[in-house]
Amino acid sequence: MVQGRYEKTDRGTPQGGNLSPLLSNIMLNELDRELERRGLRFVRYADDCVIAVGSEASAKRVMNSITGWIERKLGLKVNAEKTRIMRPESLKYLGFGFYRDTREEEWKCKPHKDSVDRFRRRLKELTDRSWSMPFAVRVQRLNWIIRGWINYFASGSMKRAMRDTDAHLRTRLRVIIWKQWKVPKKRQWGLQKLGVGRDLARQTSHMGDHYQWVVTKTCVVRAISKEKLSKAGLVSCYDYYLERHALKLY
């Protein structure tokens, strides 16, 4: 767009377009060969590349050398702001972060904190109690997000993150169900149907709309349990992660 008007472009490809990664791979294939020739350890996805070396001095030398090679041999301009030297624990690459496993004396990957936060925000959006939709539809949409996200990050270590996410997600779903039941009569009926005794169900049903307290401090936790939500079709973040992580390791 030039001065507010569209002009035809016969060079380049749109940023984020389908062809962009393919063209990057074609263009940077020679970079892969050069890095292999130098015996460097690296990983590259499209135009995002990480080169691993043993010291800061080596990193500075390699960065200057490779930057010069790319600009001289390939005719590309290296983004100086995005090209930097850092330790693995500060690195964010394709949504992953990295940490040192002191027991096994090796570096391992995990979803970066920013990636986990975005995942939880998406689940929070889908469990907004003011957003009215059939419970089965809500569960289906949650499952799409959960499966897709975990399948991508399954190779990483995230047991605690998934356990905490599971607990928070179940709490939000209990709030939704408690709100949908609306009146004490319906709430008592729902609790009894889920196995709560009549007297306790009646007492709990009159505790009003203190949603967070009711769904975390009363028999609602036991009534709308993990097992009950699983029967309703909800995928457990923690269980699904364990399943996919084991397959990735295998």
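Look up: the structure comes first, before these words.
So, a few notes on the structure that sits alongside this text.

Basis of the calculations
Residues numbered from 1 in each chain as written. Predicted model: local features only at pLDDT ≥ 70, side-chain atom pairs only at ≥ 80, totals over all residues. Heavy atoms only, no water. Pairing = 2+ DSSP bridges. Helix = DSSP H or I, 4+ residues; strand = E, 2+ residues; numbered from the N terminus. Buried < 20%, exposed > 50% of the residue type's maximum accessible area, 1.4 Å probe, protein only. Core = buried A, V, L, I, M, F, W, Y, C linked by side-chain atoms within 4.5 Å. Polar contact = N/O pair within 3.5 Å; in protein donor to acceptor, adjacent residues only side chain to side chain. Contact = heavy atoms within 4.5 Å. Axes fitted to C-alpha atoms, helices over the stretch in contact; angles between N-to-C directions. Parallel < 35°, antiparallel > 145°, perpendicular 65-115°, else oblique. Nonpolar A, V, L, I, M, F, W, Y, C, P; charged D, E, K, R; others polar.

A few words on the pairing of strand E1 (residues 41-45). When a strand is regular, its side chains alternate between the sheet's two faces. Direction of pairing for E1 relative to strand E2 (residues 48-52): antiparallel, over a ladder of five bridges. Bridge pairing links Arg44 to Cys49 in E2. Counting the residues that bridge the hairpin from E1 to E2 gives two residues, and of these Ala46 lies at a positive phi of roughly 55 degrees.

What follows is about the environment of Gly156. On the secondary structure map, Gly156 appears in the loop between helix H5 (135-153) and helix H6 (159-181). Taking relative accessible area as the criterion, Gly156 reaches 0% and is therefore assigned buried. A C-alpha to C-alpha distance of 34 Å links Gly156 and Leu74, two positions 82 residues apart in sequence.

Right, let's get into the nonpolar core. Where a protein is soluble and globular, its nonpolar side chains tend to be buried together. Ile146, Ile150, Met162 and Leu191 are the most contacted members of the largest nonpolar core, which has 40 residues in total. Going through the elements one at a time, helix H4 (113-126), H5, H6, helix H9 (211-217), helix H10 (220-223) and helix H12 (237-249) are the ones with two or more residues in this core. Looking at which element gives the most residues to this core, the answer is H6, with nine residues. Leu35, Leu40, Leu74 and Val78 belong to the second largest nonpolar core, which has 10 residues in total.

Right, let's get into the side chain of Arg44. Checked against the element boundaries, Arg44 lands in strand E1. A polar contact is formed between the side chain of Arg44 and the side chain of Asn25, at a distance of 3.0 Å. In terms of polar contacts, Arg44 uses its side chain to reach the side chain of Asp32, at 2.8 Å. With near-sequence residues (within four places) excluded, Arg44 lies in contact with Ser24, Asn25, Leu28, Asn29, Leu31, Asp32, Cys49 and Tyr93.

Moving on: the packing of H6 against helix H7 (residues 184-193). Running from N to C, H6 and H7 cross one another at 130 degrees; their axes reach a closest spacing of 8 Å. It follows from the interaxial angle that H6 and H7 lie oblique. Residues Trp178, Lys179 and Trp181 of H6 pack against Lys186, Arg187, Gly190 and Leu191 of H7. Here the contact of H6 with H7 is composed, by residue class, of three nonpolar, one polar and three charged.

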